[in-house]
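# Structure at a glance
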Amino acid sequence: WRQVRSEAQGGAAPIPAVTKPRAVVELFTSQGCSACPPADKLLAEIADRPDVIALTLAVDYWDYLGWKDTLAKHGHTSRQKAYAKLRGDSKMFTPQAVVNGTAMAVGNDRSALEQTLATSRAPDVPVTLSVRDGKLHVAVGPGSGAGEVWLCPVASQAKVDIGRGENEGTEITYHTVVRGWVKLGDWTGAPASFEAPLRRPNDVDIDALAAALKSGHIGGA
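Conventions used here
Residues numbered from 1 in each chain as written. Predicted model: local features only at pLDDT ≥ 70, side-chain atom pairs only at ≥ 80, totals over all residues. Heavy atoms only, no water. Helix = DSSP H or I, 4+ residues; strand = E, 2+ residues; numbered from the N terminus. Buried < 20%, exposed > 50% of the residue type's maximum accessible area, 1.4 Å probe, protein only. Contact = heavy atoms within 4.5 Å. Areas by Shrake-Rupley, 256 points an atom, 1.4 Å probe, with all protein chains shown as cover. Salt bridge = Lys/Arg side-chain N within 4 Å of Asp/Glu carboxyl O.

Next up on the list: the overall build of the protein. Across its full length, the protein carries 3 helices and 13 strands. Considering the protein as a whole, with its 221 residues, one finds that 46% of them fall into the buried category. A separation threshold of at least 6 residues defines the contact pool for the protein, and within that pool the share at least 24 residues apart is 67%. Carbon and sulfur atoms make up 51% of the accessible area of the protein, which amounts to about 10500 Å² in all.

Rendered as structure tokens:
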């Protein structure tokens, strides 16, 4: 990401954004997984780093254990499965952290995740976000390869009181929770522009807006 700015009220007020992130970390987690709370806490720490985009993706395949995950999307389960297929290792579990769409680590293993972050780099593709006329405008610069551009509305925090299952009686605060996926279009490696309407045009930071450019073609949720 290069810049986020708002022109909704005539100005161009800058909004803090990540510049040249070295990693996008997707944590696949579940409220029904007893091993996940430490990973959720670790992701909150990673999310504070200026060079990392950290996202929480709640999955639904542990719902049968007695507690239906209130943040889960079946598309997140499909996304995790697609990553496992691309890697060729068929490993799919919680908590699992996927870094830059290619490498994975156990989400509650700090040393393993730190090592994965140290050896993985995100593609250096300039992405600029701006808001004008009630729409989010995304400009993607040139780069090698091709991919898809997705818009992800993200809740900065979500507190959940878990009433049943392995984490019964626990209140967990989740951070940077992906609440949806909107495909803006395909990117061929050449400069391209995309746009999407905003729910509240004068409020850029609804909770947070994340536009993540992913290499490869993995469906959204």
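Glancing now at the pattern of salt bridges. Scanning the entire structure with this criterion turns up 8 salt bridges. A salt bridge links Arg49 to Glu114, with the shortest nitrogen-to-oxygen separation between them at 2.4 Å. Here Arg49, found in the loop between α1 (36-47) and β4 (52-58), pairs with Glu114, found in helix α3 (residues 110-119); they are 65 residues apart in sequence, far enough to count as distant. In this structure Arg49 comes out as partly exposed when scored by relative accessible area, which is 23%.

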